[in-house]
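So the chains spell out like this:
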Amino acid sequence: MTMTVRSVQKSISHIILLIYVIVILYPFLFVLFSSVKSDNQAIASNPFGFPSSFHFENYYEAWVNAKISVYFLNSLYIATLCSIATIVFAAMASFAITRMRFWKLSKGMYQFILIGMLIPSNALLLPIFIMLMDAGILDTHLALIIPYTAGAIPLNVIILSAFMRSIPSELEEAAVMDGLSAKGVFAKIIFPLTIPALVTVFILNFIGNWNEFLLANFFISTDELRTLPVGMVGFRDTYNTNYAQMSAGIVYSVVPVMIIYAVLQKQIIEGLTAGSIKG
Amino acid sequence: MNKALRSPWTYALFLLPVIVLYILFFIYPMFAAFIKGFTNWNGVEAARFNGLNNFEKAITDDKFWSAVKNNAYFILFSVVVQVPAIVFFSLLISNVKKLKGLYKTAVFVPSVMSTAVIGILWSFIYEPDIGLFNLILMKLGLQPVMWLSDPNWAMFSILITNAWQWTGFYIVMVLAAILSIPREIDEAAIVDGAGSFMRATRITVPLITPIISVVIMLSIAGAMKAADIVIIMTRGGPGGATDVMSTYMIKYGITNIKYGYGNAIAVLIFVFTLILTALYQLLIARRIERVEYS
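Sequence order sets the numbering: in each chain, residues are counted from 1 along the sequence as written. Chains carry letters from A onward and ligands carry numbers from 1 onward, assigned in written order. In view of the model being predicted, local features appear only for residues whose pLDDT reaches at least 70, and side-chain atom pairs are presented and counted only at 80 or more, with totals across whole chains, interfaces and linings using the full set of residues.

A. Up close: the overall build of chain B. By the criteria applied, helices consist of DSSP H or I runs no shorter than four residues and strands consist of E runs no shorter than two, each listed in order from the N terminus. Each helix and strand in chain B was counted, giving twelve helices and zero strands. When the helices and strands of chain B are placed in sequence order, the string is α-α-α-α-α-α-α-α-α-α-α-α. For chain B, the C-alpha radius of gyration of 24 Å lies well beyond 19 Å, the compact-globule estimate for 294 residues. On the principal axes, the C-alpha backbone points of chain B span a range of 80 × 75 × 35 Å. Note on burial: count the other C-beta atoms lying within 10 Å of the residue's C-beta; 20 or more is buried, 12 or fewer is exposed, in between is partly exposed, and C-beta positions come from the backbone. Counting over 294 residues, chain B shows a buried share of 44%. A separation of at least 24 residues holds for 69% of the contacts in chain B among residues at least 6 apart in sequence. For a compact globule the rule gives 2.2 Å times the number of residues to the power 0.38, and the radius of gyration it is set against comes from C-alpha atoms. For the purpose of contact definition, each residue receives a C-beta atom placed from its backbone, and two residues are in contact when these atoms lie within 7 Å.

B. Fine view of unusual backbone geometry. Residue and element names in this part refer to chain B. With phi around 65 degrees, Leu-99 is a residue other than glycine that occupies positive phi space. If you trace the backbone, Leu-99 turns up in the loop between α3 (62–95) and α4 (100–112). Using a count of 15 C-beta atoms within 10 Å as the deciding quantity, one classes Leu-99 as partly exposed.

C. Inspection of the nonpolar core at higher detail. Core analysis: the largest hydrophobic core is formed by 167 residues, its most contacted members being Ala-93 of chain A together with Val-174 and Ile-265 of chain B. With 15 residues, helix α4 (residues 68–99) of chain A is the single largest residue contributor to this core. Discounting residues that sit within four places of it in the chain, Ala-93 of chain A has contacts with Val-157 of chain A together with Phe-14, Leu-15 and Val-18 of chain B. Buried Ala, Val, Leu, Ile, Met, Phe, Trp, Tyr and Cys residues whose C-beta atoms connect them within 7 Å together make up a nonpolar core.

D. Representation of the UniProt feature "transmembrane region" (unreviewed entry) in chain A. Residue and element names in this part refer to chain A. UniProt positions are given in the numbering used here, feature names are shortened, and annotations may be inferred rather than shown by experiment. Mapped onto this structure's residue numbering, the UniProt feature "transmembrane region" (unreviewed entry) falls at residues 12–33, 76–97, 109–133, 145–164, 185–207 and 243–264. Overall, residues 76–97 shows 100% helix and 0% strand. The separation of its end C-alpha atoms is 31 Å. Secondary structure across residues 145–164 comprises 95% helix and 0% strand; the distance between its end C-alpha atoms is 27 Å.

E. Seen up close, the packing of α4 of chain A against helix α8 (residues 153–165) of chain A. All names here are of chain A. Look at α4 against α8: their axes get within 8 Å of each other, and the N-to-C directions meet at 50 degrees. As summarised for this structure, α4 and α8 are arranged oblique, according to the angle between their axes. For α4 against α8, the interelement crossing comes out right-handed. Residues Thr-86, Ile-87, Phe-89, Ala-90, Ala-91, Ala-93, Ser-94, Phe-95, Ile-97, Thr-98 and Arg-99 of α4 form the contact with α8, whose own contacting residues are Ile-153, Asn-156, Val-157, Leu-160, Ser-161, Met-164 and Arg-165. The class makeup of the residues in the contact of α4 with α8 is eleven nonpolar, five polar and two charged. Comment: axis = line fitted to C-alpha atoms, over the contacting stretch for helices; angle = value between 0 and 180 degrees taken between N-to-C directions. An angle below 35 degrees is treated as roughly parallel, one above 145 as roughly antiparallel, one from 65 to 115 as roughly perpendicular, and anything else as oblique. Should the near helix be turned anticlockwise from the far one by less than a right angle, the crossing is termed left-handed; should it be turned clockwise, right-handed. Residue polarity follows a fixed list, in which Ala, Val, Leu, Ile, Met, Phe, Trp, Tyr, Cys and Pro are nonpolar, Asp, Glu, Lys and Arg are charged, and the others, Gly among them, are polar.

Set out below in C-alpha cells:
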C-alpha cells in the first residue's frame, strides 16, 4: 500500500519535472526547427512540428549576412585573453597576500579588494566609458580587454586566496631551504598546486566575458570589432523580418556553448554557483 | 629563515598589476561618479559644480521613478514567484532517484547562455504574428497579445524571460544544499513516520534557509544590475515603460551625453543598492541566523 502511494508520488514528481525541462528546452528546439524552414509563412503554418522540407541555405546566408564568423572570432580571442590575464594577475596577488610574510599589509590589501564585490558594476559603466574615451581607446578592442581583465579581479582574488591558504606551508619552507626565491616558489610550487582552482576560475571568467553585453554594446561601435552577443542583437535588428535566418544565427551562437557545456558541465556548474556564492 | 618570502620588491611586483587595475576600474570610477554627479558636465564645456541639481531633477522625474519601480518589480517577482518555485523544484529533484543528473543539467542550460541569445530567442517567442505564445493563444481562440510593445505587458514579459533564464541556476544551488543534508536526519524522520510533505516543510526547508537567504540576496543584487535584458528585448520601451535605473542612466549618460546627470544616476544606483543590501542583512538575514541557532 505504502509502496504504491510512494511510486505514484514519484511519478507525479517526474511528470512535473519533465514539464519544467520541456519549458526550458523546447524554445531551443523551436528555434532549431524554425532555422531550416523556408520562411515566416512556413513557421506560422506549422510552428510546433518538424519541418516539412529542409532549407539549410539559411545557415549559409546567416553565416555570410550576419558575419557570425567575425563576431565569433572576436569573442573567442577577447574572452580567452582576458580570462588568462585575470587569473595570472590574480594568482600573483593571491600568492603575495597568502604566502608572503607581510601579514598585516596583506590583510589590508585583501579587505581593500573585497570592497570591489560590494560595488554595483552598473554604477561604474558611465565613469569607465568616460575614462576610456579620454584615453582614446573607445571603439577598439582594448576598451573591452582592459575592463574585462580588471572586472573579474576581486572574485578571482577571493577564490584563489581561499585555495592558496589551504596549501600547507611546509612545502614552500622546504623549497626556500633549497634556495628557491619567492618567484620560484610561486612558479614551481604554488602555481602548479593551484591548477584545479585556476581551471574553475578560468571557466567562470570565460563564460562571463563570452556573454558580456553592456560594455561590448556601448564601448564598440565599429561593426567588424563587435563581439558575438552584440553582433547577434544587431543581426536581429537588421533581419527581424526573416525569422528562419535569424533562427540559424541563434543556432550558431548556441551550439558552441552547448558543446562546451556538455563536455565540462560538472566544472561549469560548480564554478558558476561557487563563484556567485562567494561573490 | 624565510628571507625569500620577505622580499618587499617581489611582494610589490606581485601585487602591482592587480592593484593598478583595481584602482583604475573600481576605486577611481566610483569617486569619479560621485564628483561628476554634482556637475552639469555635458562633454563639451568644462564641468561646473551645480550642487544637488541633478539629484533634484532625478527625484522629480516621473520616468526615473518608473525605472525605480521596474527594479522593484524585478526584486518582487524573484522573491514572490521565483524563490518559492526554486525551493519547490529543488525539493522535487532531490526526492527522485532516477534522472536526477538529467534534470540538473537541463535546468541549468539557460544559465550558461548569453542574455543576448536568450533575449533574441524570447523576442521571437513573443513575436506578435508568428511567435509561439500568440500562435498558442490563437489556437485556443483567444486574442493575441502585443507582448513587448504593449506597455501593460512589456515589463511582465521581460520578467518571465528573466525568470526562465535564472531559475535553474538557483535550483542547482539550492539542490546542492539539500543534498548535503546528512541522510540520517531524513531517515530518522521516516522512522518517526513523517510523510514526505512533512519532512520537506519541517526538516529540509528550515535547514536550507541560509542558502535561500543567499538566493534572495543574489536576486536583489541581480535585480539592481538588470539592464542587458531590457536593452536587448525592448530598449526600455514602449515609451520608457520597461526602463530600469541602469538603462535610464545609459539613456542620459551615454546616448544623450549628459555625463553629469548620468553620473548622478550612477550614484543613486550605488546608494539604493547599498541601502537595500544593508536593510536585508539587518532586518532579515540576521533573523534567519537567529532562528537557526535557537
